[in-house]
Structures are given as structure tokens and as C-alpha cells.
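# A closer look at the structure
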Amino acid sequence: MAGIIRFAPSPTGYLHEGHLLSALYVWAAAKKWNLKIHLRIEDHDQGRARPEYIQSIFEDLSWFGFKWDSQSIQSARNDIYTAALEKLKRQNLVYPCYCSRRQLEEENPKSETGEIVYQGKCRTLNEIASDVPHNLRVVVPDKIIHWHDLRMGDFDENPKIQCGDFPIKDRDGQWTYQFAVCVDDIEDGITHVVRGEDIRSSTARQVALMQILGRREPPIYLHHALIVDASGKKLSKREKAHSLRQDIDAGISPEEILGKLCQKAGLQDSFVQISLQNAINLVAASIP
Ligand code: GLU
């Protein structure tokens, strides 16, 4: 099958083992399904993205031997996002929201996952004040989105119940992850999305937004299990997970880093050094 898969790290910290596992899954899926690989730097959050992190994504991936076919960076795509916003505006599906964080907390219920479910308070405002801080929300359809995950099975989820109308541009004028990722997946012709299970709950809203933006067939999805730290929590850059760079700088070989990761992820029973190609093959064998 021909198609395109993407690896889409956010340059808000150095890459850690969680990213490396995602990368192995992406490269394994590409090998298994004969897909081209697109590397996307998701620097939509300009408050947290840093040039040194962007550079380290390229350097660290190359150090391990990962190769990709094309690449893009979100900060260079303002025109594309603006065109997509205009498309939504023409359908009357965008409105400014003036609610403060506190109002959002106090006036809206929470979903099963603890997420605020915005009830659409600002959707019916008559007076629009462009000089007052606001974000832009997209109107999500009140309908069940059926989608399938190759590992986790079928999902029937209604974004109106999961999150309600969600922000596509934040108060600082930055494109949000949810919006940018949908526009990019359309723009890049992404046919397969392989990413961590922590993003699974965003999928239905992304499928809904892609439909509104004109993409009928959503990508094929696979959300892989995450590796957790010693206390059982997922690795996170915010909490300063041990970075790959620290291991690289300490002179540890790629085979050793990959061997430890494959053991932690349950792909190997015990620690054995492993080459990138063999690690990719191992992950490929675990993909349904
Ligand atoms: N940029 C996201 C991250 O680094 C990944 C988003 C995605 O794969 O959809 O966690």
C-alpha cells in the first residue's frame, strides 16, 4: 500500500524515550505498509518551542539512523492555517470566545476524562469586541464519529460530549495543536497516523474537523501503548524526563539505548543491545 505517515514531535524539550518509541512505531509501520515518512516539527506553541530543541530533533533522529522523505515546520505554515480558518469562517463555524479560564472551569461540566466540555456560551454573543482578549473556537457537529484503531478497536465518540466547541486559535493568537495537526494532516496527505495512546482521546475531534475542512476519509489510526517511569507515570518533557541527549552525551551507544527501550516497552524480555533496523523489525512484528 502506498501512503504517507508522519512523525510529529513538539520542540518543547529534548526528545526522550517516549519519542523514541513513537519513532520506532512510525518507522516500523512505514516499513510494514510501504509508506513514505514525513517529519513534522510541531512548533505551534511559540511560547514553549525553542530553536535548540528543533535542532536536536534533527540531530538525535539522525544519530540513531532514522531517515525521512520530507519535512515541514508549523511556524512556516501561517498562510495555510489562515486559509483553513477562512474556510471554516465561510461555513459560519468559527466564533470568538471571551470566557476566562475561571469562567470555563466554573460554568462548564467536565467529561469522563476530566476535560472541560464547553457549552457554547459565546457562540450566541451578538456583540463582538475584537480588542478584548479572546480565542477562536470551531463549532463541532453534535454527532457520533465512528473511527477504528488498529490496536484498540472501534470507537464511537461525539466531540460535542467529549469537549464541545474547541479552540483553534488561542488568546495569544497562536494556532492550537488540534487545529494545526488537522490542517497539516490534510496538507501533507497523511494516510496513516501512528502515535501514543495519550493522544487517543483527541482523535474523534480531529476526524470531525478534518471532515469539516473537506477531507472525507480520515487517516488510518494506530495508538501505541506508552512506556511509563518508575512511578507508573507517562514520560513527559514538562517533568524533565531523562532525555536521549543525556545518554548520547554520556557516550552510550544507539544499540544500548534501543535495547533498554525495547525491554522497557516489553518488546524484548531482557536487555540485549539491538540495532535500529532490528528494533524497527521487532516493532513491525508487533503491529497487527
Ligand atoms: N506533537 C505531538 C507530541 O509531540 C504529537 C501529535 C500527534 O502525533 O498527533 O506529542
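Think of each chain on its own: its residues are numbered from 1, step by step along the sequence as written. Restriction of local features to residues with pLDDT of at least 70 applies here, the model being predicted, together with a cutoff of 80 or more for giving and counting side-chain atom pairs; totals for whole chains, interfaces and linings are based on all residues. Only hydrogens and water are removed before side-chain values are computed, so all heavy atoms of the structure are retained for them.

### Digging into the nonpolar core
One broad trend across soluble globular proteins is that nonpolar side chains are buried collectively. Note the cut-off: Buried Ala, Val, Leu, Ile, Met, Phe, Trp, Tyr and Cys residues form a nonpolar core when they are joined through side-chain atoms within 4.5 Å. We call a residue buried when its accessible area falls under 20% of the maximum for its residue type, exposed when it is over 50%, and partly exposed in between, using a 1.4 Å probe and counting protein chains only. Per the convention used, a helix needs a DSSP run of H or I reaching at least four residues, while a strand needs a run of E reaching at least two, with both numbered from the N terminus. Whether two residues are in contact is decided by their heavy atoms: any pair within 4.5 Å suffices.
The biggest cluster of nonpolar side chains holds 40 residues, and the ones touching the most others in it are L24 and F66. When residues of this core are traced back to their parent elements, those giving at least two are β1 (4-7), α1 (17-33), β2 (36-41), α2 (51-64), α8 (244-249), α9 (254-264) and α10 (276-286). With eleven residues, the top contributor of residues to this core is α1. Those residues in contact with F66 that lie beyond four places of it in its chain are L20, A23, L24, W27, L61, L276 and I280.

### Some words on the packing of aromatic side chains
Keep this limit in mind: Classification of ring pairs rests on two measures: the distance between centres of Phe, Tyr or Trp rings, Trp counted by its six-membered ring, which must be within 6.5 Å, and the angle between planes, read as stacked under 30 degrees, edge-to-face over 60 and tilted in between.
In total, this model carries eleven aromatic pairs according to the counting rule given. Measuring from ring centre to ring centre gives 5.8 Å for F7 and W27, while their planes differ by 70°; the resulting arrangement is edge-to-face. One end of the pair, F7, is in strand β1; the other, W27, is in helix α1, with 20 residues separating them in the sequence. Summarising the burial analysis for this pair, F7 and W27 share the class buried. Ring geometry for W27 and F66: centres 4.7 Å apart, planes at 55°, overall tilted. Linking W27 in helix α1 with F66 in the loop between α2 and β3 (70-73), this pair joins segments that are 39 residues apart in sequence. For the pair formed by W27 and F66, the shared burial category is buried.

### Remarks on the pattern of salt bridges
Rule in force here: Salt bridge criterion: a side-chain nitrogen from Lys or Arg within 4 Å of a carboxyl oxygen from Asp or Glu.
Tallied over the entire structure, the rule returns 20 salt bridges. When the shortest N-O distance is used, the salt bridge between E17 and K264 registers 2.7 Å. With a gap of 247 residues between them, E17 in helix α1 and K264 in helix α9 connect regions that are remote in the sequence. Judged by relative accessible area, E17 falls into the buried class, the value being 13%. The exposed category is assigned to K264, whose relative accessible area is 52%. With its nearest N and O atoms 2.7 Å apart, the salt bridge here joins D184 to R77. Linking D184 in helix α6 (residues 177-187) with R77 in the loop between β3 and α3 (78-90), this pair joins segments that are 107 residues apart in sequence. A residue is classified by how much of its surface remains accessible, and D184, at 0% relative accessible area, is buried.

### So, the environment of L21
Residue position: L21 is located in helix α1. For L21, a relative accessible area of 2% gives the class buried. A C-alpha to C-alpha distance of 22 Å links L21 and H148, two positions 127 residues apart in sequence. Ignoring any residue separated from it by four or fewer positions in sequence, one finds L21 in contact with H224, A225, I227, L261, A265 and L267.

### Observations regarding the site of the ligand
Worth spelling out the cut-off: Each residue is tested against the molecule or strand, and it is near if at least one of its non-hydrogen atoms lies within 4 Å. Polar contacts, as used here, are pairs of N or O atoms within 3.5 Å; protein pairs need one atom able to donate a hydrogen and one able to accept it. Residues neighboring in sequence count only if both atoms are side-chain atoms. Polarity classes work like this: nonpolar for Ala, Val, Leu, Ile, Met, Phe, Trp, Tyr, Cys and Pro, charged for Asp, Glu, Lys and Arg, and polar for all others, with Gly in that last group.
In the vicinity of the ligand, the residues found are R6, A8, P9, S10, E42, Y177, V181, R195 and I199. The contact in question runs from a nitrogen atom of the ligand to an N or O atom on the side chain of E42, over 2.6 Å. In this structure, an oxygen atom belonging to the ligand sits 2.8 Å away from a side-chain N or O atom of R195. Here the residues of the shell around the ligand sort into five nonpolar, one polar and three charged.

### Details of the pairing of strand β7 (residues 153-157)
Selection criterion: Strand pairing follows a simple DSSP-based rule, namely that at least 2 bridges must link the two strands.
Bridge analysis of strand β6 (residues 145-149) against β7 gives five bridges, and the strand direction is antiparallel. Following the sheet pairing, H148 is matched in β7 by D154.

### A word on the sheet that holds strand β8 (residues 166-169)
The condition that has to hold: To get an axis, a line is fitted to the C-alpha atoms, and for a helix only the part in contact is used. The angle between two axes follows their N-to-C directions and goes from 0 to 180 degrees.
Spatially, three strands are ordered β4-β5-β8 in an open sheet, and the strand pairing comes out antiparallel. A single partner strand is all that each edge strand has here, and the edge strands are β4 (94-97) and β8. Here the strands of the sheet are splayed against their neighbours by 50° on average, with no regard to which way each runs. Pairing between β4 and strand β5 (residues 135-138): four bridges, direction antiparallel.

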